[in-house]
Amino acid sequence: MSQPSQAEQASSAAGRGRARPAQEKPAYKRVILKLSGEALQGSQGHGIDPDALTHLAREIREVHALKVDVAIVVGGGNIFRGAARAQHTIAPATADYMGMLATIINGMALQDALEKQGVYTRVMTAIEVSQIAEPYIRRRAIRHLEKGRVVILAGGTGNPYFTTDTTAALRGIEINADVVLKATKVDGVYTSDPVKDRTAKKFNELRYIDVLNKGLKVMDSTAVSLCMENKLPIIVFNTTRPGNIKRVICGEKIGTRVGS
């Protein structure tokens, strides 16, 4: 068994003496937070922006302080977007594997940022890279969550042709999460792109089947179908607004909720 890190010891000691305000009662016990790679790039448009990374780490720390089990699925589009590259000279499967490796880089960066905030973590990956991360094993991931660690799930599903949205749905089902939180740059799901169409209307609630039938850009169809079959709700919300992750987890009605 590995020894607790300094971040683990510090966070554990802080947690024992921390009083939770009465109004900050979480609505969920265990969540899957789906972060796009773009969430880490900030305003610079590519790569990893230290300010954006620190912002996310602080937001996640606030949620962790509520004793919520947090698992994070991170994308890799800020470093390499497999689908776009595959349209050129790289074979689609190879491009997807390259994208999965990018998610591991992002996972390591997020781990470092969280531990600097006193939140202890584990990076688990579907692609074996034992020198830098643990292999994803369902029972081990659940055990880490039970011990109060934030689990960062990288490497996608470990297979090409599946998105990190599908990874979030699949892992959410496996670890018995209460909800998938899809973090985006907009405040929910709209009839069309609100950036391009000023007449676009926001949905406060949607049924899974309506998302599939209307082809709405919530998550890919495989992810939505998995959630529908297993009755795992999805909440799409704007993560760029400070405090929104905490608001969603505490049950505030923001964003768009997708369910039965």
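Our subject is the structure listed above.
Presented here is an overview of the structure given in this document. (Residues numbered from 1 in each chain as written. Predicted model: local features only at pLDDT ≥ 70, side-chain atom pairs only at ≥ 80, totals over all residues. Heavy atoms only, no water.)

A word on the packing of aromatic side chains
Using the criterion set out here, one finds zero aromatic pairs in the structure. Here the basic side chain of R171 rests over the ring of Y136, its NZ or CZ set 3.9 Å away from the ring centre. (Phe/Tyr/Trp six-rings, centres within 6.5 Å; stacked < 30°, edge-to-face > 60°. Lys NZ or Arg CZ within 6 Å of the ring centre and 35° of its normal.)

So, helix α7 (residues 164-174)
Structurally, the α-helix is built with 3.6 residues per turn, so residues lying three or four positions apart point the same way. In terms of residue burial, α7 counts as a mostly covered element, since eight of its eleven residues are buried. Of the positions making up α7, those classed as buried are T164, D165, T166, T167, A168, A169, R171 and G172. Here the buried face of α7 lies against β1 (30-35), β2 (69-74), α5 (92-116), β5 (150-154), β6 (179-184) and α9 (221-229). The residue sitting at the N-terminus of α7 and contributing the capping side-chain oxygen is T163; that oxygen lies 3.2 Å from the backbone nitrogen of D165. Among the residues trailing α7, N176 stands out with phi positive, at a value near 65°. (Buried < 20%, exposed > 50% of the residue type's maximum accessible area, 1.4 Å probe, protein only. Helix = DSSP H or I, 4+ residues; strand = E, 2+ residues; numbered from the N terminus. Contact = heavy atoms within 4.5 Å. Polar contact = N/O pair within 3.5 Å; in protein donor to acceptor, adjacent residues only side chain to side chain.)

Digging into helix α6 (residues 138-146)
Within α6, the full set of buried residues consists of A141, I142, H144 and L145. Down the axis, α6 shows its buried residues gathered within 155° of arc, on one side only. If you follow the buried residues of α6, they end up packed against β1, β2, β3 (121-125), β4 (134-135), β5 and α7. Downstream of α6 by a residue or two, G148 has a phi angle that is positive, lying close to 85°. (Arc of directions from axis to C-beta.)

Looking at the environment of I254
Inspection of the secondary structure puts I254 in the loop between α10 (244-249) and β11 (256-259). According to the relative accessible area criterion, I254 is buried, its value standing at 17%. Spatially, the C-alpha atom of I254 lies 8.5 Å from that of V236, the residues being 18 residues apart in sequence. Ignoring anything within four residues of it in the chain, the contact list for I254 reads I235, N244, R247 and V248.

As for the pairing of β3
For β3, the buried fraction is high: five of the five residues fall into the buried class. Inspection of the sheet shows β3 paired to β5 by five bridges, in the parallel sense. Looking at the pairing, V123 lines up with I152 of β5. When β3 meets β4, the two strands line up parallel, connected through two bridges. Paired with T125 across the strands is P135, a residue of β4. (Pairing = 2+ DSSP bridges.)

A word on the nonpolar core
Within the largest apolar cluster, 34 residues are counted, with the highest numbers of intra-cluster contacts made by V31, L33, I72, L110, L114, V150 and L181. By residue number, the principal contributor to this core is helix α3 (residues 50-64), which donates five residues. Contacts of I72, omitting those with residues within four sequence positions, involve L33, L35, I60, L110, L114, V150, V151, I152 and L153. By size, the runner-up hydrophobic cluster in this structure holds 29 residues, among which are A168, A177, V224 and L232. (Core = buried A, V, L, I, M, F, W, Y, C linked by side-chain atoms within 4.5 Å.)

Topic: the pairing of β2
Most of β2 sits inside the fold, with six of its six residues counted as buried. Burial along β2 is two-sided: the face carrying D69, A71 and V73 and the face carrying V70, I72 and V74 are both buried. The pairing of β1 with β2 spans six bridges and is parallel. Bridged to K34 within β2 is V73. Where β2 and β5 come together, three bridges link them in parallel fashion. When the sheet's bridge partners are listed, A71 is paired in β5 with V151.

All quantities given are derived from atomic positions and should not be read as evidence of function.
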